[in-house]
Every structure is written in C-alpha cells, then in structure tokens.
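Listed here are the chains, written in short residue letters.
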Amino acid sequence: MRDGSARVRVLARAGAGFAGRLRRGGSGARKWPARAALALVVLLLVPAAAAGIALRVDYAGDPAAGTTTRGRDALWLGHAWVDGRKDDADVRALGRRLSGTGIHDLFVHAGPLEHDGSLPPAAHPRAGWLVRAVHRALPGVRVQAWLGDELATEGPEGLRLQDAATRDRMVSAARQVLAAGFDGVHLDLEPLHSGDSAYPALLDRLRRLTHSRGAVLSVAAHQIDPLPALHTLAGTVTGHPKWWSQAFFAQVARRVDQIAVMSYDTAMPLESLYGGYAAQQTALALQVTPPTTDLLMGLPFYQENDPGHWGFAETVAAAVRGARLGLSRTDRDRDHFGVALYVDFAAREEDWAAYRAGWLP
C-alpha cells in the first residue's frame, strides 16, 4: 500500500544507517541498539513480504463457472453528458457501445455539490434530455445523478458532513436531481473517514427520499481494511486513513440499494498483486453486504502512472479476474453483484475489450 510501503523503505534506510554507525564504534556494549534496529527493520519488512505473498496466492487458481455478469454493472459518465457538449448522436453511439454488456446503471456527473451542500440549478441543464434519450436508446438502463464533493476531513476546505444545515442542503440537492428526471442518486464523498457518524444518518434520510420517489440510492465506497484496523494506523502515521473498517462498510451497505467499491488507486506495483488485492476486497465486501444490496467492484478504465496508481499493474483484466475469484470463493451464486467502470471519457478500446473478454459470458 502507498503510505505503508514508503514508510517501510524510509525506516529500513534509517535503521541500516544507524546500525552501521554503531558497528564502526566497535564497542561490544553498544551492539544491542544495532541489533534492535535490525530487528525493527525485520519486523516491518516481514509483514509486508507476507502480505505480498498472500495477495499473490489470492490471485491463483481459476474463477468458478458462471461467475460472469448478472446484468447489474454500471458506468461512470462525465459532466459533458449534462452540460450541452453531448447530443443524440452521442447517445446512439453509447447505446452501440453498451449493447450486449451487463451495464444497467449510468452514474452521470451532475454536480459537484458546493461546500455548503447545495447544488447550483445550472449544474446540469441537459439532465432531462439525457434521461429521456437514454431511456429511448437503452430501455431498462437507469440514469443516476452522480453527486459529490471533497470533504473537509484532511484540510480546511471542503464540505462538512457534521454540519446539520449542510446535510439539509444535500437532501434538497437530491430532491432537485430527482425532480429533473434522474432515476436515482449516486453519492461520492471523499475522503470519507471510517466511523463518520454523520454519513449513515445522511444516508437514512436520502433513502427515505429516494424510496418515496421510486428511485434508487447508490454510493461510491472506500476500500476495506486489508488488515484489521489498518485505517487507524494509516491515519495516525499519514493523516489519511484511506480504508474503511469492514464494520463501517457494513453500516453503509445496509442503508443503500447499491454500493460501488472504488477498488483502484491501490499503489500495487504488479498486476498479480493488484488482482489478488481485488479478490481480497471482493471477499471482504461480500461478507458484509446484504444479499439484496447491489455490490459493484470498480474497474480502472483510465491510465495513470504515479505512486498511487500504476497503470501497468492496475489493469481491467486483473480487476475482473480478481473480482471473479473473490466471488467464486465467497458467494458464487450471489445475484446482486457486478462491476462498475470508471470512467467513460478516459476509457480505451483495450479496456472495453478486457471487460468483455473477462466478464461477459
């Protein structure tokens, strides 16, 4: 993982240098600090190596027969679909692209929310046209309003969920997009720390609203602790917890109709490790997601190379195979399961080909 591996390397270098200075001193009485430093390095490196081996093992084997699309997949779409840059020809092309796939939901960027929780009326001027056009071109496909904002959890600027008035405005924003014709609300708030009590309370209100309108409530979710309480350790060391506890993930999953795990940006340096991580995340999420809630595992339909995301490792093929392996081992007959493709405007032909080859029957 991103912060953990960097910290291990720094401590390893520091420990080695400290031990070398002690050895040059030549005093037997001082050798115990050198041994202690070496022991610290070993204690840090051994768990990392063990975790890597475990992920590689998780990626081994073959997915079970029948672990393919259930017709509940989703695709994140950019803001161009509601601001006037797209037209009927684009919708027809999208229909051809999605023909024969398992995509049932489109998460269309209709925000972002303001930091006070409100949504400017001019943020999605073509929403009504898009929903009608998609329903004509792709009968049965739902068009959800993707609403999100940066939270003020790790800096002074951003949306503050703890503020009751902010949550009131967020509920009003959801009411606004439903009135515009959207089939549901897809909420994406980041970075959302594990255990934030304001979030489940907000979801309870949003679910009452969406269900009263015959609409769906969906959320984008952080990854789950690959090791117990890892989010606490990461938060203490870096200020960025990154993961949710499995218990908090369960709290969220119980309150929504659909939960999409953002299972990318993992910092994994090898395709096999990323695939094993995807398998592990799938299993952890399946263990606590109610059988009536759609669980979607994210696929990286974009290319970047930086310390948080290595495109040569985080491939669509590895993510799909990992999801199938996790499904095979945990709940192979589960119906409410799928994948979510992020994001349309960055997708390449090879991403679509890998999705079709790995996930469609």
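Residues numbered from 1 in each chain as written. Predicted model: local features only at pLDDT ≥ 70, side-chain atom pairs only at ≥ 80, totals over all residues. Heavy atoms only, no water.

Engineer: Can you help me understand the pattern of salt bridges in this one?
Structural biologist: Side-chain pairs of opposite charge can arise where the charged atoms are in close proximity. Counted by the stated rule, this structure contains eleven salt bridges. Here Asp294 ties to Arg72 by a salt bridge, and the two come within 3.2 Å at their closest N and O atoms. Linking Asp294 in strand β7 (residues 294–300) with Arg72 in the loop between α2 (31–58) and β1 (73–77), this pair joins segments that are 222 residues apart in sequence. The partner of Arg205 in a salt bridge is Asp168, and the shortest N-O contact between them spans 2.8 Å. Of this pair, Arg205 sits in helix α6 (residues 198–212) while Asp168 sits in helix α5 (residues 164–179), and the two are 37 residues apart along the sequence. Residue Asp168 is classed as partly exposed on the basis of its relative accessible area, which comes to 38%. Three or more residues joined by partner-sharing salt bridges are found here, namely Arg72, Asp294 and Asp335. (Salt bridge = Lys/Arg side-chain N within 4 Å of Asp/Glu carboxyl O. Helix = DSSP H or I, 4+ residues; strand = E, 2+ residues; numbered from the N terminus. Buried < 20%, exposed > 50% of the residue type's maximum accessible area, 1.4 Å probe, protein only.)

Engineer: How do you make sense of helix α10 (residues 316–330) when you look at a structure like this?
Structural biologist: The periodicity of an α-helix, 3.6 residues per turn, causes residues three or four places apart in sequence to face the same way. Given a rise of 1.5 Å per residue, 15 residues ought to cover 21 Å, and the 21 Å separating the end C-alpha atoms of α10 matches this to within 8%. Of all 15 residues that make up α10, eleven are buried, and the element is covered over most of its length. Looking only at α10, the buried set comprises Val316, Ala318, Ala319, Val320, Gly322, Ala323, Arg324, Leu325, Gly326, Leu327 and Ser328. (Expected span 1.5 Å × (residues − 1).)

Engineer: Is there a simple way to explain the packing of aromatic side chains in this structure?
Structural biologist: Geometrically, a pair of aromatic rings is defined through the distance of the ring centres and the angle of the planes. According to the stated counting rule, one finds 13 aromatic pairs in the structure shown. With centroids separated by 5.6 Å and ring planes inclined at 20°, the aromatic side chains of Tyr264 and Tyr342 adopt a geometry described as stacked. Of the two residues, Tyr264 sits in the loop between β6 (258–261) and α9 (271–288) while Tyr342 sits in strand β10 (residues 337–342), which places them 78 residues apart along the sequence. According to the relative accessible area criterion, Tyr342 is partly exposed, its value standing at 25%. For Lys86, the ring lying beneath its charged end belongs to Trp81, and the centroid distance is 4.8 Å. Sitting over the face of the ring of Tyr59, Arg321 holds its NZ or CZ atom 4.6 Å from the ring centroid. (Phe/Tyr/Trp six-rings, centres within 6.5 Å; stacked < 30°, edge-to-face > 60°. Lys NZ or Arg CZ within 6 Å of the ring centre and 35° of its normal.)

Engineer: Which parts of the structure should I look at to understand the sheet that holds strand β5 (residues 216–221)?
Structural biologist: Whenever strands of a sheet pair, they do so through backbone hydrogen bonds, lying parallel or antiparallel. A barrel is described by the order of its strands in space; here eight strands give the closed sequence β1-β2-β3-β4-β5-β6-β7-β10, paired in parallel fashion. Strand-to-strand twist of the sheet, defined as the mean angle between neighbouring strand axes without regard to direction, takes the value 25°. In this sheet, β10 lies alongside β1 in parallel orientation, the contact comprising two bridges. If you follow Leu75 over to β10, its bridge partner there is Leu341. In this fold helix α4 (residues 127–137) packs onto β2 (103–109) and β3 (142–150), with an angle of close to 140° to the strand it touches most, β3. Here α6 sits on the sheet and contacts β4 (184–190) and β5; the angle it forms with β5, its principal contact strand, is near 150°. (Pairing = 2+ DSSP bridges. Axes fitted to C-alpha atoms, helices over the stretch in contact; angles between N-to-C directions. Contact = heavy atoms within 4.5 Å.)

Engineer: Got a minute to help me understand the nonpolar core in this structure?
Structural biologist: Within soluble globular proteins, side chains that are nonpolar generally end up buried alongside one another. Judged by nonpolar contacts, the single largest core of 102 residues is most densely connected at Leu106, Leu161, Phe182, Leu187, Tyr199, Phe249 and Tyr355. Not counting chain neighbours up to four residues away, the residues in contact with Leu106 comprise Leu75, Leu77, Leu94, Leu98, Val134, Val141, Arg142, Val143 and Gln144. (Core = buried A, V, L, I, M, F, W, Y, C linked by side-chain atoms within 4.5 Å.)

Engineer: What is the right way to read the side chain of Ser272 from this model?
Structural biologist: Here Ser272 shows up in helix α9. In this structure, Ser272 is in contact with Leu55, Arg56 and Tyr59, ignoring residues within four places of it in sequence.

Engineer: What am I meant to see in the packing of helix α8 (residues 246–253) against α9 here?
Structural biologist: A pair of packed helices is characterised by two quantities: the angle between their axes and the separation of those axes. Running from amino to carboxyl end, α8 crosses α9 at an angle of 55°, the nearest separation of the two axes being 9 Å. When the interaxial angle is binned, α8 and α9 end up oblique. The two elements α8 and α9 cross, and the hand of that crossing is right-handed. Facing Gln246, Phe249, Ala250 and Ala253 of α8, the residues of α9 in contact are Leu284, Ala285, Gln287 and Val288. A per-class count over the contact of α8 with α9 returns six nonpolar, two polar and no charged. (Parallel < 35°, antiparallel > 145°, perpendicular 65-115°, else oblique. Left-handed = near helix turned anticlockwise from the far one by under 90°. Nonpolar A, V, L, I, M, F, W, Y, C, P; charged D, E, K, R; others polar.)

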